[in-house]
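# Tertiary structure, described
Listed below, chain by chain, are the residues.
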Amino acid sequence: MQSQKTQIVIVGGGAAGLELATRLGARYGRAHHDIILVDENRTHIWKPLLHEVAAGSLDANLDEVGYRGHCHKWGYRYFKGTLAGIDRSAQRIHLAPILDDRGAEVVGAQELRYDYLVLAYGSVTNDFGTPGVRENCIFLDRRADADLFRDRLLDQCLRVSRAMSADEGSDARVKVSIVGGGATGVELAAELFNAADALGHYGLEVFDRGRLKVTLVEAGPRILPALPERLAESAREELQNLGVRVRTSTPIVESTASGMITGDGELIEADLQVWAAGVKARPIADGLDGLELSRSGQIVVTPTLQSVTDPKVFALGDCAFCMLPGRDRPIPPRAQAAHQMAATAFDNLARLMTGKPLKDFDYKDRGSLVSLSRFSTVGTLMGNLVGGRMAVEGRLARMIYLSLYRMHLIAIHGWIKGCALIAVGHVNRVVRPRLKLH
């Protein structure tokens, strides 16, 4: 009788999960191992690109990766589903039923056994319980969220354009409020003006960036707290030059249908509201069967990225709480951290299966970069590798920012196809429309 294959289940096909599935599939194939990737979506798109999808600057159909085609090439299996819970004693995960857009059941609840489980299901936006946010704000957690924002933005631009055509003296404007002065909020604010500049080429001849009123609201004393103050101030000046109204030290206490209410009772009017003020671990319906969690719901892991509760369960990326020895803060929820965690988890799974000692995760802070669309890029490089930070701005920073995504492409497609896709991307920027309007 053929022996049972070693089954490794990875929940979450984001930067960490997809890169790990690719590495494991390429290394072990299907002969003696069964590598399974579970994700609720059919396709993968790099999360740091969602603000470009939201503004219409990026056609996600050209940049997304279909899991079914990818798994066939790289030797793993893909299951569409959402994690509902874990049974650690039976070494099984429970997947929620799959429903169609009308709520009818497509596939019932499922179970998958595992020998080793990797949880990489990412994070969601944290609304901190603020009243009205869930009802009135858009979160940029998924491709569907970005598409929804883009459609509403284009509809509002059309309303304003028609109002201006009917009355030249109209003061109609597209009012967008973005809560959260981190990378997502800042990048989206800048990208909106890039989109506004291009709309005149696509039927809205009387519309220009002057009709776009964007307010970026941050509860803290400054935007981009992860960057040095000088660079954060440089980004603020660039945003203000574009026309963004930057409001710092301004907590939002409620969201209504007509806009945001500040702690002082002021109403910031908005046709579109985006909440990008922090993240938390994605909640699991039936819990994680006793795995130790942090206050924000992340899975507490050892330096080897194994759960402190169960050594057969690994956690990577935004859903992992990893406090390395000698550090006073956990590993931040960044794409570069997810990329490095995938590499360490790959090595440690191989060592675990062969009885070798595991390696501790060694996080290399490559710095932080924030893109202000085509207008500017600011950030720091090297992080703690040289005992300090090297500030970068302009074209050099933009080139390095783009290289982060190219590294991800090579990690999930290999060198040949990855480089080919990078080349195709350069061509597409010339031949395809500047905006995706459908």
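All of the points below concern the structure found in this document.

Scoring rules and cut-offs
- Residues numbered from 1 in each chain as written.
- Predicted model: local features only at pLDDT ≥ 70, side-chain atom pairs only at ≥ 80, totals over all residues.
- Heavy atoms only, no water.
- Buried < 20%, exposed > 50% of the residue type's maximum accessible area, 1.4 Å probe, protein only.
- Helix = DSSP H or I, 4+ residues; strand = E, 2+ residues; numbered from the N terminus.
- Pairing = 2+ DSSP bridges.
- Right-handed = clockwise from strand over helix to strand, strands pointing away.
- Polar contact = N/O pair within 3.5 Å; in protein donor to acceptor, adjacent residues only side chain to side chain.
- Contact = heavy atoms within 4.5 Å.
- Salt bridge = Lys/Arg side-chain N within 4 Å of Asp/Glu carboxyl O.
- Axes fitted to C-alpha atoms, helices over the stretch in contact; angles between N-to-C directions.

Before going further, it helps to spend a moment on the pairing of strand E14 (residues 212-217). Buried residues dominate E14, accounting for five of its six residues. Looking at chain direction, strand E13 (residues 174-179) and E14 are connected through six bridges and run parallel. Following the sheet pairing, valine 179 is matched in E14 by valine 217. The pairing of E14 with strand E15 (residues 245-247) spans three bridges and is parallel. When the sheet's bridge partners are listed, threonine 215 is paired in E15 with arginine 245. A crossover connection joins E14 to the parallel E15 through helix H8 (residues 229-242); in handedness this β-α-β unit is right-handed.

This paragraph deals with the side chain of aspartate 145. Relative to the assigned elements, aspartate 145 resides in helix H6 (residues 143-166). Owing to a relative accessible area of 11%, aspartate 145 belongs among the buried residues under this scheme. From its side chain, aspartate 145 meets the backbone nitrogen of arginine 142 in a polar contact 3.0 Å long. Once you skip the residues sitting within four places of it in the chain, aspartate 145 turns out to touch Ile138, Phe139 and Leu140.

As a further point, take the pattern of salt bridges. Going through the model one piece at a time under the given rule, you end up with 17 salt bridges. The shortest N-O distance in the salt bridge between arginine 142 and aspartate 145 comes to 3.2 Å. Aspartate 151 is the salt-bridge partner of arginine 150, the closest N and O atoms lying 3.6 Å from each other. The partly exposed category is assigned to aspartate 151, whose relative accessible area is 36%.

Sheet strands associate in pairs through backbone hydrogen bonding, adopting either a parallel or an antiparallel arrangement. A sheet is described by the order of its strands in space; here three strands give the open sequence E6-E7-E10, paired in antiparallel fashion. Edge positions in the sheet fall to strand E6 (83-87) and strand E10 (110-113), since each of these pairs with one other strand and no more. When the angles between neighbouring strand axes are averaged without regard to direction, this sheet yields 25°.

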